[in-house]
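# Inside the fold
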Amino acid sequence: MILHAVESLLVTGATGFVGRNLILRAAACGTKIHAPVRNPDKLSACLAEDGLPREGVNALPAEPAKWSGISHAVLCAGVLFARTREEYFSVNVEWTLRILRALPRECRVVLLSSQSAGGPTPAGRTARTEADPDCPITWYGESKRVLEQSVAREFPDRRITILRPPMILGARDSATLPLFKMARGLVRTKPGLRRKWFSYLAVDDVVDAAFASFECPRPGPFYIAATDPISDVELIASAARATGSRGITLRLPLLFIRALAALVDAVPPWRESVPSLTRDRAREIWPDRWVVDASAFRSATGWNHRIGLEEALQSAYGHYSSTGRL
Ligand SMILES: NC(=O)c1ccc[n+]([C@@H]2O[C@H](COP(=O)([O-])OP(=O)(O)OC[C@H]3O[C@@H](n4cnc5c(N)ncnc54)[C@H](OP(=O)(O)O)[C@@H]3O)[C@@H](O)[C@H]2O)c1
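Because the structure is a prediction, the values reported are computed rather than measured.

Attention shifts here to the sheet that holds strand S1 (residues 8-12). If you trace the seven strands from one edge of the open sheet to the other, you get S3-S2-S1-S4-S5-S6-S11, paired in parallel fashion. Two strands in the sheet have a free side with no partner beyond their single neighbour: strand S3 (57-61) and strand S11 (222-223). With three bridges connecting them, S1 and strand S2 (residues 32-37) associate as parallel partners. Counted as the bridge partner of serine 8 is lysine 32 from S2. Sheet strands in contact with helix H1 (residues 17-28) are S1, S2, S3, strand S4 (72-75) and strand S5 (108-112), and its direction is about 165° off that of S1. In the packing of helix H4 (residues 139-154) onto the sheet, contacts are made with S5 and strand S6 (160-164), and the angle to S6 comes to roughly 160°.

Structure representation (structure tokens):
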């Protein structure tokens, strides 16, 4: 993507994992950046940590007004872990629609949805494609699917492209912190006795895909992913290698994880501290295959992933270490 063509870029989720990486790239190209945020101090702290000048990003109020003079937008904000269905829907659907209504009609928009909007790989198939019927299995996935449907209904003539990334890995994440903490130990655990297979994508490749989408002639939704899937065993082993640790991985029966998820749901402080294990979010743990095929997006844009699993995990671990979180 020729970024000098992007005069002014609005980024939601500017204080989050993907948004921060996107801003770093756009700032390096001299693009004027606008960011609706609910906590300007957090934005300042993120920019300082990333070595960017505070005045390089124009912080806007999180609740949108009518905006003008914005040529491009990437909507990265989202709630990935919440306790109720309403929390997912109020941000992932309602707030995102309010942002879209506030943007100029001609603004070129890229919306980050999720692989979860489609659901796991259909039985008997190696990868899910856009042709497969959607069947999200969590409130998170449902909220992303409803957002996509609402966008298609309310903005049929706007230039909006929707991307459905799988698990994203790289620097400035916080979701993989528990993975690295576990990987550093002598004994690691994985849910299920069988190997589970996933798609993944490095955050720099997500940023590339977002910028490539500005030139995409079709609205999607498109799956984006690295070409080869990975197994959960490989993910844990690669994270352990990144930390320089050696240990063993125990496979826990799914029945045990189900009981744990029920317990986590029943104890409010645990629901707060382990949101990925609430009974709703844990539904994503049961299927054996979360693999998607990104061929349609590759053919539509010429985009391809560049970064492999080891490099993405090294980069995530390097950032946790350099910021004192590990
Ligand atoms: N990370 C992944 O593996 C992954 C995979 C597939 C799809 N996605 C999608 O990619 C997008 C970016 O994910 P991410 O990993 O960057 O998420 P993240 O690190 O959790 O960041 C979420 C961002 O959304 C903002 N946000 C949340 N609720 C908000 C609200 N009510 N009003 C305004 N801003 C709000 C957060 O702001 P605060 O800092 O103020 O909380 C933060 O900047 C999301 O839409 C996600 O669903 C992510």
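What follows concerns the site of the ligand. What surrounds the ligand is a group of 24 residues, the closest being Thr15, Val18, Lys42, Tyr140 and Lys144. Here an oxygen atom of the ligand and a backbone polar atom of phenylalanine 17 are 2.9 Å apart. A distance of 2.9 Å separates an oxygen atom of the ligand from a polar backbone atom of isoleucine 168. Surface burial for the ligand is 85%, taken as the share of its 900 Å² of free accessible area covered by protein chains. Of all the secondary structure elements, the ones that give two or more residues to the shell around the ligand are H1, helix H3 (85-102), H4 and strand S7 (167-169).

Turning our eyes to something else, we now look at the pairing of S2. Counting buried residues in S2 gives five out of six residues, a clear majority hidden from the surface. A crossover links S1 with its parallel partner S2, the connecting element being H1, and its sense is right-handed. Across five bridges, S2 lies against S3 in parallel orientation. Of the residues in S3, the one forming a bridge with valine 37 is proline 61. Following the backbone out of S2, through helix H2 (residues 40-49) and into the adjacent parallel S3, one traces a crossover that is right-handed.

Parameters and conventions
Per-chain numbering applies: the sequence of each chain, read as written, is numbered from 1 onward. Note on the predicted model: pLDDT of at least 70 is required for a residue's local features to be given, and 80 or more for side-chain atom pairs to be given and counted; whole-chain, interface and lining totals, by contrast, use all residues. Where side-chain values are given, they derive from all heavy atoms of the structure, hydrogens and water being excluded. If DSSP finds at least two bridges between two strands, the strands pair. Here a helix means four or more residues in a row that DSSP labels H or I, a strand means two or more in a row labelled E, and each is numbered from the N terminus. Note on contacts: a residue pair is in contact if any heavy atoms of the two residues lie within 4.5 Å. Between N-to-C directions, angles cover 0 to 180 degrees, with each direction set by a line fitted to C-alpha atoms, over the stretch in contact for helices. One heavy atom within 4 Å of a molecule or strand is enough for the residue carrying it to be called near that molecule or strand. In protein, a polar contact requires one atom able to donate a hydrogen and another able to accept it; more generally it is a pair of N or O atoms within 3.5 Å, and residues adjacent in sequence count only if both atoms are side-chain atoms. Only the protein chains shown count as cover for residues, with accessible areas throughout obtained via the Shrake-Rupley method and a probe of 1.4 Å. For the exposure calls, accessible area comes from a 1.4 Å probe over protein chains only, and a residue counts as buried if that area is under 20% of its type's maximum, exposed if over 50%, partly exposed in between. Place the viewer so that the strands point away; then a crossover is right-handed whenever the path from the first strand over the helix to the second strand goes clockwise.

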